[in-house]
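Commentary on secondary and tertiary structure
Chain by chain, the residues:
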Amino acid sequence: MEEAGSGRLIRELKLKRLQFNSISEFSATLYSSFDIDHVIRVFFSTIMGQLGISRILLYDQENGIFRKRGFSSGGEKENPISKCLDTLILNSAVCRVEELPREQEIRKQLLKHRIHYLIPVESSGRPVLVGLGLKFNSRELSEEDLELAGFIARFAMIAVNNTIMVNRLIESQRIEHEISIARDIQQSLLPQAIPSLDHFDLCVEYRPIHEVGGDYYDILGPRRDGHVILIADVEGKGLPAALLAASSQAVFHVVNDLFVSSSSRFMAKANSLICDFTHCNRFITVFWMLLDGRARRVTCVNAGHEPPFHVDTQGRVRRLERGGFLAGFVPDAEYEQEEFVMQPGEIIVAFTDGVIEAENEAGQEFGRERLEEITLAHRELGARALTDRIIAAIDGFTAGRISRDDFTLLVLKSR
């Protein structure tokens, strides 16, 4: 009897040592990769090997994790299990599926796939469920087996949570790096100084928000017929928007160097080239104007941009809408141009939608009407002073609220 007892004890000690070694290897392997699927694969392999079971599942509602091994529920058939597990409340450390009320759908679903045990695992204050099948020989799991499974599951969920946090940190750093690159690209596109213009006074205020947007303005030239000034709003945000703006800038410079004299032809050619790299599924709105300082003549084209407005010496406001479709969608789009002479004191105000969409605490937008009213009320000011007055009005209206979008404000005054 004593020899039999000693033999049994030795076998139990060997088993415990094997389990300990397996758990040690499990711990080391868990952190060999910050990949959730890898962690879960190691977890499943350890549990199945230690307990001699053929079926297992893991369900973590908060992190959207539903994994299984040993059975196939195929595509949409996973949904009934996860939906039922969402509403399941367990009041014990281990639940035998057979003991669930017969009318519960989850009982039917789990037994259908031969999952006989559910173990709730606390993970960061939320319940995570581990489902286990019977042993390979169809024997039930012992209390000791279930305790071991719970211990390994808690260990695994710590690794899962750490992996999720690390991946979020990596993603956050990647996004920050992308925004930094986009910001550098965006800043490099902007003119470093505003040139002196005959008979025109120009001021541009550009305000980026923390997340990079697609606002862009440029001053091209000089050409023998004047300077080209444009303001644009590129679709989207972040690095893709900055790259699209950079590509569009290159197009505008190339077409400008070709000295396409007609403003409408300039915009048509630029649009065709932009369509080549957008493949007609991205766009950029553009307001383009050629300033002939000697004659105080303005020739402009609006390609889908928020219409700027012109204020004449009588205080009449006229929107500059003539042009055509936004750039980047239709390769053979045609554009109309508008030409007029600005008398001394007349003003053009161009802007991106971030200016008029600036919101106050009540969610009201600053709006085009306020912008026009402020311009009319202070039209005797020079371009810089008028720009400052408009910006002060926007800041007062928003009471320091962070803008949802970049905004660019361009004020041109004839003198």
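That block above? That's the structure.
So, a few notes on the structure that sits alongside this text. Small disclaimer: the values here were computed from a predicted structure and weren't measured.

**Some details on the packing of aromatic side chains**
Going through the model one piece at a time under the given rule, you end up with eight aromatic pairs. In this arrangement the basic side chain of Arg318 is found over the ring face of Phe340, its NZ or CZ atom lying 4.8 Å from the centre.

**Observations concerning the environment of Ala385**
With respect to the helices and strands, the residue Ala385 is situated in helix α10 (residues 383–398). Measuring from C-alpha to C-alpha, the distance between Ala385 and Val411 comes to 9.9 Å, with 26 residues separating the pair along the chain.

**Considering the sheet that holds strand β11 (residues 309–311)**
Read from one edge of the open sheet, five strands run β6-β16-β15-β11-β12, paired in antiparallel fashion. Strands with a single pairing partner mark the edges of an open sheet, and in this sheet they are β6 (200–207) and β12 (317–319). Between one strand and the next, the sheet's axes are offset by a mean angle of 15°, whatever the strand orientation. Bridge count for β11 against strand β15 (residues 347–351) is three bridges, and the pairing is antiparallel. Note on β15: the bridge partner recorded for His310 is Ile348. With respect to the sheet, helix α9 (residues 367–377) is in contact with β11, β12 and β15, its orientation differing from that of β11 by roughly 25°. Lying on the sheet, α10 is in contact with β6, β15 and β16 (407–414); it crosses β6 at an angle near 30°.

**Brief notes about the side chain of Ser262**
Structurally, Ser262 is set in the loop between α6 (238–257) and α7 (263–278). Side-chain polar atoms of Ser262 contact the side chain of Ser264, separated by 2.9 Å. In terms of polar contacts, Ser262 uses its side chain to reach the side chain of Gln337, at 3.3 Å.

**Considerations on α9**
Buried residues of α9: Gly367, Arg368, Leu371, Glu372, Ile374 and Thr375, and no others. On its buried face, α9 is in contact with β11, β12, β15, α8 (353–356) and α10.

**Remarks on the packing of α9 against α10**
Orientation of α9 relative to α10, taken along the N-to-C sense of each, is 140°, at an axis distance of 10 Å. Taken together, the axes of α9 and α10 lie oblique to each other. With respect to the hand of their crossing, α9 and α10 are arranged in right-handed fashion. Residues Arg370, Leu371, Ile374 and Thr375 of α9 touch α10, and the partners they reach there are Leu386, Arg389, Ile390, Ala393 and Phe397. For the contact of α9 with α10, the class distribution of residues is six nonpolar, one polar and two charged.

**Describing the pairing of strand β8 (residues 226–234)**
For β8, the tally of buried residues reaches nine of nine residues, placing the bulk of the element in the interior. Bridging between strand β7 (residues 215–223) and β8 involves seven bridges; their strand directions are antiparallel. Among the inter-strand pairings, Tyr217 is bridged to a residue of β8, identified as Ile231. The hairpin formed by β7 and β8 contains two residues between the paired strands. Relative to strand β9 (residues 284–292), β8 runs antiparallel, the two being bridged by eight bridges. Looking at β9, one finds that Leu230 is bridged to Trp288.

**Some remarks on the side chain of Thr398**
Topologically, Thr398 is positioned in helix α10. Of note is the side chain of Thr398, whose polar atom sits 3.4 Å from the backbone oxygen of Asp395. Leaving out residues up to four positions away in the same chain, Thr398 has contacts with Ala358, Glu359 and Asn360.

About the criteria used
Residues numbered from 1 in each chain as written. Predicted model: local features only at pLDDT ≥ 70, side-chain atom pairs only at ≥ 80, totals over all residues. Heavy atoms only, no water. Phe/Tyr/Trp six-rings, centres within 6.5 Å; stacked < 30°, edge-to-face > 60°. Lys NZ or Arg CZ within 6 Å of the ring centre and 35° of its normal. Helix = DSSP H or I, 4+ residues; strand = E, 2+ residues; numbered from the N terminus. Pairing = 2+ DSSP bridges. Axes fitted to C-alpha atoms, helices over the stretch in contact; angles between N-to-C directions. Contact = heavy atoms within 4.5 Å. Polar contact = N/O pair within 3.5 Å; in protein donor to acceptor, adjacent residues only side chain to side chain. Buried < 20%, exposed > 50% of the residue type's maximum accessible area, 1.4 Å probe, protein only. Parallel < 35°, antiparallel > 145°, perpendicular 65-115°, else oblique. Left-handed = near helix turned anticlockwise from the far one by under 90°. Nonpolar A, V, L, I, M, F, W, Y, C, P; charged D, E, K, R; others polar.

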